[in-house]
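Geometric and topological summary
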Amino acid sequence: MSAKLKYQPGGSAAIATLAVPASTTILKDQILALDVANDGVIPATSSSTTLTAFAVAQAATTTVGSAGSVRAILIQPGQIWEIDCTNNTAANQQLNRHALSSGVAVNNTSSDVTDNTGIATMLRKTGAAADKKAEFLINRAIPVT
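We now turn to the structure provided with this report.

How each quantity is defined
Residues numbered from 1 in each chain as written. Predicted model: local features only at pLDDT ≥ 70, side-chain atom pairs only at ≥ 80, totals over all residues. Heavy atoms only, no water. Helix = DSSP H or I, 4+ residues; strand = E, 2+ residues; numbered from the N terminus. Rg over C-alpha atoms; globule rule 2.2 N^0.38 Å. Buried < 20%, exposed > 50% of the residue type's maximum accessible area, 1.4 Å probe, protein only. Contact = heavy atoms within 4.5 Å. Areas by Shrake-Rupley, 256 points an atom, 1.4 Å probe, with all protein chains shown as cover. Lys, Arg positive; Asp, Glu negative; His and termini not counted. Charge placed at Lys NZ, Arg CZ, Asp CG, Glu CD. Pairing = 2+ DSSP bridges. Axes fitted to C-alpha atoms, helices over the stretch in contact; angles between N-to-C directions. Salt bridge = Lys/Arg side-chain N within 4 Å of Asp/Glu carboxyl O.

Broken down by element type, the protein chain carries zero helices and 13 strands. Ordered by position from N to C terminus, the α and β elements of the protein chain give β-β-β-β-β-β-β-β-β-β-β-β-β. Taken over C-alpha atoms, the radius of gyration comes to 15 Å for the protein chain, in line with the 15 Å a tight globule of 145 residues would show. Per-residue burial over the protein chain gives 41% buried out of 145 residues. For the protein chain, long-range pairs separated by at least 24 residues make up 58% of all intrachain contacts whose partners lie at least 6 apart in sequence. Carbon and sulfur atoms provide 54% of the accessible area of the protein chain, an area that totals close to 6,900 Å². Charged side chains of the protein chain number 10 positive and 9 negative; the gap between the two group centres comes to 6 Å.

Right, let's talk about the sheet that holds strand E1 (residues 3–7) for a bit. On the basis of which strands lie adjacent, the open sheet formed by six strands has the order E1-E9-E13-E12-E10-E11 and antiparallel pairing. Of all strands in the sheet, those bounded by a partner on one side alone are E1 and strand E11 (105–107). When the angles between neighbouring strand axes are averaged without regard to direction, this sheet yields 50 degrees. Here four bridges tie strand E9 (residues 80–84) to strand E13 (residues 133–138), and the two strands are oriented antiparallel to one another. Following the sheet pairing, Glu 82 is matched in E13 by Glu 135.

Spatially, E2-E8-E6-E4-E5 is the arrangement adopted by the five strands of the open sheet, whose pairing is antiparallel. The two strands at the open ends of the sheet, each matched to only one other strand, are strand E2 (15–20) and strand E5 (40–43). Taken over all neighbouring pairs, the strand axes of this sheet differ in orientation by 50 degrees on average, direction set aside. Judged from the four bridges that link them, strand E4 (residues 31–35) and E5 form a sheet pairing that is antiparallel. Across the sheet, Ala 33 pairs through a bridge with Ile 42, a residue of E5.

Where charged atoms of side chains with opposite charge meet at close range, the side chains can pair. The tally for this structure, following the rule as stated, stands at five salt bridges. We note a salt bridge from Lys 133 to Asp 84, for which the minimum N-O separation is 2.7 Å. Of the two residues, Lys 133 is situated in strand E13 and Asp 84 in strand E9; the sequence distance between them amounts to 49 residues. Among the ionic pairs, Arg 124 bridges to Glu 135, the shortest N-O distance being 3.2 Å. A residue pair is termed long-range when its members are at least 10 positions apart, and Arg 124 in strand E12 (residues 120–126) and Glu 135 in strand E13 qualify at eleven residues.

Next comes the structure, spelled out in structure tokens:
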């Protein structure tokens, strides 16, 4: 499942077609990070930050020798996302900030991640603990222009 938009303030989400650098594989519903060195978006990783989290892919794509594109929902304030978790969910993980383990899962623990890798704030666990799913706000620092 990865990341699914559960609530969008104001109705409809902003969707854009984004550049993908050469030699990149993106999965459907994967969180994407900015890759400013290559002018595009790439799958988010455990080292992605609130500055680089950018969008969620709406389709799978693989680029080989040249750059391509992917349609994605832009991450905006107030959106609620249901995201897969690496570990069983628990009440002591709620309202903590969590890092990603990959672009398709949150590394949920009972500790609050206070640096800028704390991308996802767990609002509540969904389903049984072993379902490893929860609702999150994705913390994205939007640059002031």
